[in-house]
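So the chains spell out like this:
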Amino acid sequence: MTDNSDWQKALQESQSTGYIAPSVEEYAKLKAETKESRWARKKARFSSKLGEKSETMKQGFKMGFMIGGGLGAALGTYQAIVTRSLLPIPLFVVTSGVSFGFFLSIG
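Residues numbered from 1 in each chain as written. Predicted model: local features only at pLDDT ≥ 70, side-chain atom pairs only at ≥ 80, totals over all residues. Heavy atoms only, no water.

Engineer: Go over the side chain of S96, please, and point to the residues and values.
Structural biologist: By the secondary structure assignment, S96 is in helix α4 (residues 88-106). A relative accessible area of 18% places S96 in the buried class. Within polar-contact distance, the side chain of S96 engages the backbone nitrogen of G72 at 3.4 Å. (Helix = DSSP H or I, 4+ residues; strand = E, 2+ residues; numbered from the N terminus. Buried < 20%, exposed > 50% of the residue type's maximum accessible area, 1.4 Å probe, protein only. Polar contact = N/O pair within 3.5 Å; in protein donor to acceptor, adjacent residues only side chain to side chain.)

Here you go:
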C-alpha cells in the first residue's frame, strides 16, 4: 500500500509548518497520481536541457550570420566593383553569413 517512512516524513513536515497533512488514503492517491516512470523523468530532463542549448545555438547563429553577412557584403561589393556585376553581393552575403553562423552556433 503506502510506505510508512514517507507518511511519517510528511506528517513531521506538516506538524513543523502548521500544514494539515492529508490522510493515508489521500497521500497514497496523490503519490500514485504524481508518480512518473523513469523514462518520463529522463525525457523531461533531456528536453529541458535541449531547450536551453537550442536557444543558445539560435542566438549564436543569428550573431554569426550578422557578422558574416556584413563581411560578405563588404567582400561582395568589392567583387561586384571589380567584375562590374551585382550577382556576387548576395552570394557573398549568404554564403559567408551561413558559414560563420554555423560555426558560431556550434561553438
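Engineer: Which residues make up the pattern of salt bridges, and what are the values?
Structural biologist: By the definition in use, this model includes one salt bridge. A salt bridge links E55 to K58; the nearest nitrogen and oxygen atoms lie 3.7 Å apart. In this pair, E55 and K58 both sit in helix α3 (residues 38-83), three residues apart, roughly one turn of the helix. With a relative accessible area of 44%, K58 lands in the partly exposed category. (Salt bridge = Lys/Arg side-chain N within 4 Å of Asp/Glu carboxyl O.)

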